[in-house]
Amino acid sequence: MEKVTNKYDRRSFLKSSALASGGLMLSFSFLTGFKRPDETSDASGLNEGWNELVGYIQISSDNVIKLICPNPEFGQNVMTSLPMILAEELDVNWEDVLVEMGPHDNVKLGPQFTGGSNSVRMYWRPLRNAGASARQMLIQAAAQTWGVAASEIKTNQGILSHGSGKNANYGEMAALAATLPVPKDVKNKDVQNFSIVGNSKKNVEGLKVVTGKPLFGMDYRVEGMKIAMIQHPPAFGMKLKSYDASQSLKMPGIQNVFSFKLYEDDFEQGGFDTRTFNELIAVVGNSTCEVINARKKLKVQWEAAGEVKQTINGRGGKTEMTIPARLETTGNQYEMMAEQASKPARQLRRDGDPETAFTNAAQILERTYNAPFLAHNCMEPMNFFAHVEADKALVAGPIQAPGWMEPTLSKLLNLPPEKIEIQMTRMGGGFGRRAYAQYVYEAALISQKVNAPVKLIYTREDDMTYGIYRPMYTATYRAALDENKNLIGFHVKGGGIPESPIHENRFPAGAIDNYLAESFEIPSNITIGAFRAPRSNFNAAAEQSFLDELAEMMGKDPIEMRLELLDRASKNPVGERNDYDPKRYAGVLKLLKEKANWKGPKEGNVSRGVAAYFCHNSYAGHVVDMINKDGEPYVEKVTSAVDCGVVVNPDAAANMVQGAVVDGIGNAFYGGLRHQNGVSEQSNFDKYRMIRHHEAPQNIDVHFVKSEVDPTGLGEPPFPPVFGAVANALYQNTGRRHYNQPFMTEPSSI
C-alpha cells in the first residue's frame, strides 16, 4: 500500500460540508485555494468548490454516491474512466455509483480541457488521493461512533465494518465525516489490489447514446430559439466588400441578415482564438432549411484581403503575426516547400559531426515525404447555442476547452466572466477542432445582435472550407552507412505550411552518434489547428517509412533494426534531451513481434508492414496485414501493442486504439485537402474521401503492456504509427514505396 502525504489543507485540497440532507459533499482542488462553505454558494446546490484537475464526490445520508466528471466528453470515455479512479480509492461498488457531467466553472474548475491525451494522465494522482482521503474520513467517523480504533475498521464496496460485528454504509457516517479534518497522510491502494481500475466497465452514457437521448450540441433547444448560419468568403485571402440581402430577407421565416466582425482590428487574441475570416454575414431565421435557402439568395461581392496583422497572446507569450495576402494553390505550395527545403534552415539539434559522417559514408539513403492539409470532419456539425442578454449570457454546446474561450468571450461581449454560464454537451467528435472556439464567439455575437437565443450551425461545406486544418508538411530524411552497412549518421530536415513537424529529441535521436535535425516554416493565410497527435501524425508516417527502407538497405529485419537502435539508446545514449524511454519503446516492439507472430509463416497473399512511435507520453505500434480485395489493397487485420501505463478501463482503451487504427488507415489512404487560388477544391464527402465501413479491417487485435506506471496518454499515440505501418505494408504489397500522402491518390503535382 502506498502512503501519500497530502500537500493540501482543508482550504486548498479537500472540503467537506454537511448537506441540507445530512450527507457528505467532498470536492477537491489541486492547483488553487478553496473557499469555505460559508464563503460560497449554498452547499445544498451540490455544485460548488470546483477547480482545475478536480473530481467531485457527493454522498447523501441515504447512501447515494454521485461522482461528477469535470472534463468534456467526445467519445474517449472520460465520463467513465475518471470516476472509476475515484470509486477505486473510495472503495465503493461501481454498480451503486451515479455519474454526471459537471458544469463549467472557470474559477473553481479551471479550464477543463479535453485534449492532448491528458485527461487520465493528469487526473490519476489527484483523484486517487481524493478518493482515499474521503474513505479515511468515513473510517474516522465510524471509529468515533463505535468507540473503536480507526485501524480496526475495514471498508468494502461502500460498507464500513468492525470485528465486533458493527457495520454501516457510507451514507450513515457521511454527516459526521463532514465535520472531521482532512487526514494529513492517506494510503493509496496498491495497483495489484485494484478491483475497479483495470477491469472493463461499460460506458455510463452508452445506453443514452444508442437510444438517441439528447446529449449533443445539435440536440440543445430552448423555447424561442432562432437558427443562424454564417457566410464566409469563398477563398482564403479574401474578405467581404459588400452584399445585398434584399432577396434573402423576403424569404419565409427569416428574421435578420447582417454583417459583423469577429474581432476588432486591435483585438488581442488568445492562443486558441484562431479565426480565418474576420468579417462574416449572418443569416438568422426560424429553421435550418429556411436559413439555408435564404443564404443562397445573398448577393455578395468579395475582394482581396491584403496582408493582415494580428496579435496573439498564447502560452509562449505575446507575438505579432503577419498573415500573407496571396491566394494559394496546392501545387505551388508543394513547390514552395521544396524550394525552402533546399535553403539553410534553423538547427534544432546536433550530435557529433554529421557532415563528416555523410562525407565518409559508403552509402547514403535520402528520401523526401510530403503530406497535404487535412480537415477534421467531426461527424457532428460545428454548432453552438448562445443567449446573450444585457447583463448575462448562456452558451452551450460541444467544446474541448471551455476555460480557454471564456476570457475571449468576456471581452467580446463586454461581460464579466461570472456573468457568463457555459454548459458543455457531449461532442460528436473533436480531434482538436473543437478546441478553437470561433464558432462559439460567432454564436454569441449573433445572439447579442438579435437579442434572442440562437443556435449557430455550420453545414459540412461551411466547416470544410473554413480552415483550422492539419498543416501541410514535408520532411527529408538522410542516413549514412559505412562499408559494413552500419548506421553512422542521420539527418532530418522538415518544414510545413505554416508550421514545422519536427520533434528533434525523439527516436532515433539518442541512438546515433552523428545526428542533425533542422526545421523551417512558411507563413500562410490558410489557418491550422491541432489535429489528432499534432505533428506526430506526419512524423511517424515519414520516419517509420524511412526506417523500414533503411532496414532493407542494411539487410536487417525492420523490428530487429529498431530494437538494436533502442538498445543503444538505453545502454549508451547520445545526448541528454531524448524525450522517450527506450526500454518502454522496445517493450512495445517486443510485444508486437510476439502477438503478431512477426517471424511466423504468412497466411496466403498477406503483405505485412510494421511501425511504432512515441508521442503524448505513450508508446504504440502496429503490424498491418494487407491483401488485395477487388483489385485494391485492403487492410484485413491489424495487430496493435500499446504501453500507456496502467490501463483504467481495458475495453474502452481497446476501443480507442481500434478507432485510431480505422482513422489512421482512412487518412493514410484517402485524406487530403487541395486548394486552387485559395478555394478549397473539396467541400463535402463527395470529393473529400473518407474510409467506408467495408474498408475497415475485419480484425483489430489490441494488446497492452502490463504496467504499474502511472497512466500516460492514449487518445492520440495509437494514431500516428498507423500511417507508417500502412505505407510499409503497401510496399510489400505493390513493390513500390509511397512518399506522398494520401497513398491511394498520391498527388501528381509533387
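Residues numbered from 1 in each chain as written. Predicted model: local features only at pLDDT ≥ 70, side-chain atom pairs only at ≥ 80, totals over all residues. Heavy atoms only, no water.

1. Let's talk about the packing of helix α15 (residues 650–670) against helix α16 (residues 720–734)
When two helices pack together, their arrangement is given by the angle between their axes and by how far apart the axes lie. Convention followed: For helices, the fitted axis covers only the stretch in contact; all axes are lines through C-alpha atoms, and the angles between them, taken along N-to-C directions, range from 0 to 180 degrees. A run of H or I in DSSP becomes a helix once it reaches four residues, and a run of E becomes a strand once it reaches two; helices and strands are each numbered from the N terminus. Any angle that is under 35 degrees is reported as roughly parallel, and any over 145 degrees as roughly antiparallel; angles of 65 to 115 degrees are reported as roughly perpendicular and all others as oblique. Handedness of a crossing is defined here by the sense of rotation of the near helix relative to the far one, left-handed for an anticlockwise turn of less than a right angle and right-handed for a clockwise turn. Contacts between residues were defined by any pair of non-hydrogen atoms, one from each residue, lying within 4.5 Å. Put simply, Ala, Val, Leu, Ile, Met, Phe, Trp, Tyr, Cys and Pro go in the nonpolar bin, Asp, Glu, Lys and Arg in the charged bin, and everything else, Gly too, in the polar bin.
Between α15 and α16, whose axes approach to 8 Å, the crossing angle comes to 55°. Between α15 and α16, the crossing angle belongs to the class labelled oblique. Our pair here, α15 against α16, has a crossing hand that is right-handed. When α15 is examined against α16, the residues Ala660, Val661, Gly664, Ile665, Asn667, Ala668 and Phe669 are found in contact with a partner set consisting of Val722, Phe723, Val726 and Leu730. Grouping the constituent residues of the contact of α15 with α16 by class yields 9 nonpolar, 2 polar and no charged.

2. Brief notes about the packing of aromatic side chains
Stated formally: To pair, rings of Phe, Tyr and Trp, with the six-membered ring standing in for Trp, must have centres within 6.5 Å; the planes then decide the type, stacked if under 30 degrees apart, edge-to-face if over 60, and tilted in the middle. Note on exposure labels: buried denotes an accessible area under 20% of the residue type's maximum, exposed denotes more than 50%, and partly exposed covers the range between, all computed with a 1.4 Å probe on protein chains only.
Enumeration over the complete set of coordinates arrives at 29 aromatic pairs. With a centroid separation of 4.9 Å and an interplanar angle of 40°, the aromatic rings of Tyr220 and Phe385 are classed as tilted. You can see Tyr220 sitting in the loop between α4 (206–210) and β11 (226–231) and its partner Phe385 sitting in strand β21 (residues 383–388), a full 165 residues away along the chain. Note on accessibility: Tyr220 and Phe385 belong to one class, buried. Each ring, one from Phe384 and one from Tyr439, has its centre 5.9 Å from the other, and the planes form 75°; the classification is edge-to-face. Taken together, the residues Phe384 in strand β21 and Tyr439 in helix α10 (residues 438–450) connect sequence positions 55 residues apart. A residue is classified by how much of its surface remains accessible, and Phe384, at 0% relative accessible area, is buried.

3. A short note on the sheet that holds strand β18 (residues 317–323)
How we decide: Pairing between strands requires that DSSP locate at least two bridges from one strand to the other.
Overall, mixed pairing links the 3 strands, which are arranged β14-β17-β18 in an open sheet. Here the strands that pair on one side only, and so sit at the sheet edges, are β14 (268–270) and β18. Sheet twist, expressed as the average angle between the axes of neighbouring strands with direction ignored, equals 35°. Here β14 runs beside strand β17 (residues 308–314); their pairing, made up of 3 bridges, is parallel. Considered in β17, the bridge of Gly270 is made with Asn313.

4. Considerations on the packing of helix α9 (residues 402–413) against α10
Interhelical geometry of α9 versus α10 gives an angle of 30° and a closest axis separation of 10 Å. In terms of their interaxial angle, α9 and α10 are classed as roughly parallel. Between α9 and α10 lies a crossing of right-handed hand. Contact with α9, carried on its side by Trp404, Met405, Thr408, Leu409, Leu412 and Leu413, involves Val440, Tyr441, Ala444, Leu445 and Gln448 of α10 and no other residues of that element. Tallied by class, residues from the contact of α9 with α10 come to 9 nonpolar, 2 polar and no charged.

5. Let's talk about helix α12 (residues 536–554)
So the rule is basically this: Expected helix span is computed as 1.5 Å times (number of residues minus one).
Between its first and last C-alpha atoms α12 spans 26 Å; for 19 residues at 1.5 Å apiece the expected length is 27 Å, and the two agree. Counting buried residues along α12, 17 of its 19 residues qualify, which places the element largely inside the surrounding structure. Remark: Gly555 follows α12 within two positions and exhibits a positive phi of approximately 75°.

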